[in-house]
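Inside the fold
Spelled out, the chains give:
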Amino acid sequence: MKIVFLGTNGWYSTETGNTSCVLVDSDRYYVVFDAGDGIYKLDKYVTREKPVHLFLSHFHLDHVFGFHVIGNLKLDQGLDIYGQKGIRRTLSRLVQHPFTLPFRDLPTDIRIHELSEGTHEVPFPVTCKFLVHSDPCYGYRINLDGKTIVYCTDTAVCDSSLELCRNADLLIHECAFKSGHPATNWPHTNPQEAAELALRAKVKQLLLTHFDAAIYRSLEDRKQAEVEARKTFKNAKAMVDGASIEI
Ligand SMILES: [Zn+2]
Ligand SMILES: [Zn+2]
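These notes cover the structure that comes with them. All values derive from a computational prediction rather than experimental measurement.

Mapped onto the secondary structure, N18 falls in the loop between β2 (9–10) and β3 (21–25). At a separation of 2.9 Å, a polar atom in the side chain of N18 contacts the side chain of K41.

See below:
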């Protein structure tokens, strides 16, 4: 199974990358986490052979801006979008005139699914839980090809994230802040906190993404985050756009 990072910036796009989007290419399904503007690169990796399941963490624009370009991807197999209760109504307000073309006018068949907190078969197992952020935000745990992958973005480390990522093969975690960043009312995570979480939860591998564009101004800053994280959890890596790993 291959995981490809299409957008690794938080907040806005800069020369360091696009905003949040991660592709999981498994045997039978494509899974996409979030629809930041990095999603336009999906057409390089996705064929018509497998269904595409997109999981949305929350509605901050750096996670949904990509819906503006979704029609260009020509997903003949359609697109299944999953998210928290109310997602259908919220997206129908955003993906709409006068902002952009509504889903119903796209050539792609878009199917939206509202998930309550808990575990579902979609048809593979997915568990979603609310994290700690300034607006409601889901973390996801999925099982594919015998592996467990957890995606936690836009959150402070919390009981829900610990529960979601326990013993996971791979934890994809946000790293919006630098170590020592003061707590704010817009909760996020720094490299040290993400590494401590990975250690406590006994995950096998930690990949850091969603680097706040205003705080991480260069890729060198991200390398520093990786160094920080590895002091606590050795198998940690800072991601950049275009990076991919096999698990
Ligand atoms: Zn974000
Ligand atoms: Zn957010």
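Tracing the chain through its elements places S26 in the loop between β3 and β4 (30–33). The exposure class of S26 is buried, given its relative accessible area of 3%. Apart from the residues within four sequence positions on either side, S26 is in contact with M1, K50, L144 and D145.

Another aspect to go through is the sheet that holds strand β15 (residues 236–238). The mixed open sheet is built from 7 strands, whose spatial order is β8-β9-β10-β11-β12-β13-β15. Each edge of the sheet is formed by a strand with only one pairing partner; in this case those strands are β8 (118–121) and β15. Averaged over all neighbouring strand pairs, the angle between strand axes comes to 20 degrees, with direction disregarded. Of the strand pairs in this sheet, strand β13 (residues 206–209) and β15 are connected by 3 bridges, and their pairing is parallel. Considered in β15, the bridge of L208 is made with A238. Along the sheet face, helix α4 (residues 191–201) touches β12 (170–174) and β13 and points at about 155 degrees away from the line of β12.

On the protein side, the zinc ion (ligand 2) has H58 (NE2), H60 (ND1), H133 (NE2) and D154 (OD) as donor atoms, found 2.1 to 2.2 Å from it. We note that the donor set of the zinc ion (ligand 2) lies within a single chain, spaced as H-x1-H-x72-H-x20-D. Here the zinc ion (ligand 2) and the zinc ion (ligand 1) are spaced 3.6 Å apart, with D154 acting as a shared donor. Of this pair, H60 sits in the loop between β5 (52–55) and α1 (61–64) while D154 sits in the loop between β11 (147–152) and α3 (159–165); the two residues are 94 residues apart in sequence, bridging distant segments of the chain.

What counts, and at which threshold
- Numbers given for residues are sequential positions, taken from 1 along each chain in its written order.
- Chains and ligands are labelled by the order in which they are written, letters from A for the one and numbers from 1 for the other.
- Per-residue local features are limited, in this predicted model, to residues with pLDDT of at least 70; the limit for side-chain atom pairs, both in listing and counting, is 80 or more; totals at the level of whole chains, interfaces and linings are taken over all residues.
- With hydrogens and water excluded, all non-hydrogen atoms of the structure serve as input to the side-chain values.
- Where helices and strands are cited, they refer to DSSP runs of H or I of at least four residues and of E of at least two residues respectively, numbered from the N terminus.
- Two N or O atoms count as a polar contact when they lie within 3.5 Å, although within protein this holds only if one can serve as hydrogen donor and the other as acceptor, and sequence-adjacent residues are included solely when both atoms are side-chain atoms.
- Under the scheme applied here, a residue whose accessible area is under 20% of the maximum for its type counts as buried, over 50% as exposed, and between as partly exposed, the area being computed with a 1.4 Å probe on protein chains only.
- What makes two residues a contact is simply this: any of their non-hydrogen atoms within 4.5 Å.
- For two strands to count as paired, DSSP must find a minimum of two bridges between them.
- Axis definition: a line fitted to C-alpha atoms, limited for helices to the stretch in contact. Angles are taken between N-to-C directions and run from 0 to 180 degrees.
- Here a donor is an N, O or S atom found within 2.8 Å of the metal, or within 3.2 Å if the metal is Na, K or Ca; sites may look incomplete because water is not among the atoms.

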